[in-house]
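Descriptive analysis of the structure
Below are the chains, spelled out letter by letter.
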Amino acid sequence: MRVHVCAYTRRVLSQSLYHGRHADVKKVLSGTAKERGFVRKNGKTAKTGEKKRKKKKNKKKLKNFKKDKNLDIHELANKFSFTPLQIKNTVEDASKICNEKKDKSINKSIICEAAYNQVSGNLTDKATLIRKKHTWDELVLQKEQKDIIKRACNHIKYKHIVYDKWGMGKRVLYGRGLSVLFTGPPGTGKTMAAQVVANELGLEIYKVDLSKVISKYIGESEKNLGEVFDSAKKSNVILLFDETDALFGKRTEVKDSHDKNANVETSYLLQKMEEYDGITIMTTNFIENIDKAFFRRISYVVHFTFPDATARKEIWLKMYPKEMPISKDVDFDYLAKNFEIAGGSIKNVAVNSGFMAAAESKSVEMKHIIKALEYEMKKQGKMISKTDFKEYGYLI
């Protein structure tokens, strides 16, 4: 039996464990001792079959480690809806990880890694874990859009203040989760921004496989969506619905059973999104295809615009790692001004030019980039010639 506690109690437990005050933890745990495998013995609460020597050893281990000054206990309580026993195990696991890494302080990444060792949800059947997480420096976006994404992150960081301390929880009894919609042309950084959010909050992010969710059989899509949200709730993860037009399409006038079933799927998804207390991120290339009823239930909508010349130059410069040798003849100003392509296409050109240079055992030169750029534009169905590359046309 899982007994959940409020965010305030989770914070008290976390702080007590960090400072080695196990007596405070016992007081909270004693009321639900039987459900967690504890038994009453001689008026005291003790773990069945556990030796006192092991308890003392664990206490000493926890006291040897300090909490990193940048680690916010309130934020942890907001992100992880854990039971008291899960909190206890998380801190003990974090101390073991610190011991293995020979680190004397428990930081954000270590405590989050330990926290995910406690979850039991299984999303791998219908979603894929995204391991690479980008940072704010890698995301090239206008300041206004970046500020909106940061405000969305604050929705999780300061939930305890708004809902608990300031009493907004009395007004908002339903739908306290965070839902974000990223919309814009392909290759403008929507999926990267979702990874930035995951990295900022220290949460795992799962990309939902729509091919395993949407079904032609009546009722199957709703069942699959329910399983995804239920598993995500147990796992305390971010759900990413990429290219989500198939699920979030406009509800239509019912003319046959197919229309009725499609409208039921859309309505069910709206319901599950509102019930989910975690984070849901959606991306779409065509915002006009999204049902207007969704916008009332979406916390934040971020519009990604096509990058201008200044933004493109920044993307070009950031796309090549500092470890990659770049020839002095590479003209990034020329590339940014003359070729209006999105960040996704720039990434493809950078990768292909790198492999061309590696095959020749050379640094990345302008000829490698021009050839990779020519192929990328032809791949998109664009008609190009040597004159389009101006002074670098001879390299084709």
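Presented here is a report on the structure given in the accompanying data block. Please read all numbers here as calculations on a predicted model, not as lab measurements.

**Considering the sheet that holds strand S8 (residues 238–241)**
If you walk across this open sheet you meet the six strands as S5-S7-S8-S9-S6-S10, and the pairing is mixed. In this open sheet, the two strands that pair with only one neighbour each are strand S5 (127–129) and strand S10 (300–303). Here the strands of the sheet are splayed against their neighbours by 20° on average, with no regard to which way each runs. Those strands touched by helix H7 (residues 143–157) are strand S6 (178–183), strand S9 (279–284) and S10, and its axis lies near 155° from that of S10.

**What to know about unusual backbone geometry**
Negative phi is the rule for most residues except glycine; trans is the rule for most peptide bonds. Positive phi values are uncommon outside glycine, yet Ser-361 reaches one of about 55°. By the element assignment, Ser-361 lies in the loop between helix H15 (343–359) and helix H16 (366–379). Given a relative accessible area of 68%, Ser-361 falls into the exposed group. Positive phi, normally seen in glycine, also occurs at Lys-390, with a value near 50°. Tracing the chain through its elements places Lys-390 in the segment after H16. Lys-390 sits in the exposed class, given a relative accessible area of 53%.

**What about the nonpolar core?**
In globular proteins that are soluble, nonpolar side chains generally tend to be buried together. Among the nonpolar cores identified, the biggest contains 65 residues, and Ile-149, Phe-182, Leu-239, Phe-241 and Ile-281 are the most heavily contacted of them. Here Ile-281 is in contact with Val-180, Phe-182, Ala-194, Val-197, Ile-238, Leu-239, Leu-240 and Phe-241, once residues within four sequence places are set aside. Ala-336, Val-349, Met-366 and Ile-370 belong to the second-largest nonpolar core, a separate cluster that totals 26 residues.

**Topic: the packing of H7 against helix H9 (residues 190–201)**
Direction vectors running N to C along H7 and H9 enclose 35°, while the axes themselves pass 10 Å from each other. Relative to H9, H7 is oriented so that their crossing is right-handed. Seen from H7, the contacting residues are Ile-149, Cys-153, Ile-156 and Lys-157; seen from H9, they are Ala-193, Val-197, Glu-200 and Leu-201. The residue inventory of the contact of H7 with H9, partitioned by class, reads six nonpolar, no polar and two charged.

**Details of a nonpolar patch on the surface**
Together, Val-162, Trp-166 and Met-168 line one region of the surface with nonpolar side chains, adding up to about 320 Å² of accessible area. With respect to the secondary-structure elements, Val-162 resides in helix H8 (residues 159–165). Val-162 sits in the partly exposed class, given a relative accessible area of 32%.

**Some words on the packing of aromatic side chains**
What the rule picks out here adds up to nine aromatic pairs. When the ring of Tyr-334 is compared with that of Phe-339, the centres are 5.7 Å apart and the planes differ by 80°; the resulting orientation is edge-to-face. Comparing Tyr-334 with Phe-339, the two get one shared label, buried. Here the aromatic residues Tyr-334, Phe-339, Phe-389 and Tyr-392 are joined through ring pairs into a cluster of three or more. Arg-176 extends its terminal NZ or CZ atom over the ring of Tyr-163, reaching a point 4.9 Å from the ring centre.

Cut-offs applied
Residues numbered from 1 in each chain as written. Predicted model: local features only at pLDDT ≥ 70, side-chain atom pairs only at ≥ 80, totals over all residues. Heavy atoms only, no water. Pairing = 2+ DSSP bridges. Helix = DSSP H or I, 4+ residues; strand = E, 2+ residues; numbered from the N terminus. Axes fitted to C-alpha atoms, helices over the stretch in contact; angles between N-to-C directions. Contact = heavy atoms within 4.5 Å. Buried < 20%, exposed > 50% of the residue type's maximum accessible area, 1.4 Å probe, protein only. Core = buried A, V, L, I, M, F, W, Y, C linked by side-chain atoms within 4.5 Å. Left-handed = near helix turned anticlockwise from the far one by under 90°. Nonpolar A, V, L, I, M, F, W, Y, C, P; charged D, E, K, R; others polar. Patch = residues over 30% accessible without salt bridge, like charges linked within 9 Å, V, L, I, M, F, W, Y side chains within 5 Å. Areas by Shrake-Rupley, 256 points an atom, 1.4 Å probe, with all protein chains shown as cover. Salt bridge = Lys/Arg side-chain N within 4 Å of Asp/Glu carboxyl O. Phe/Tyr/Trp six-rings, centres within 6.5 Å; stacked < 30°, edge-to-face > 60°. Lys NZ or Arg CZ within 6 Å of the ring centre and 35° of its normal.

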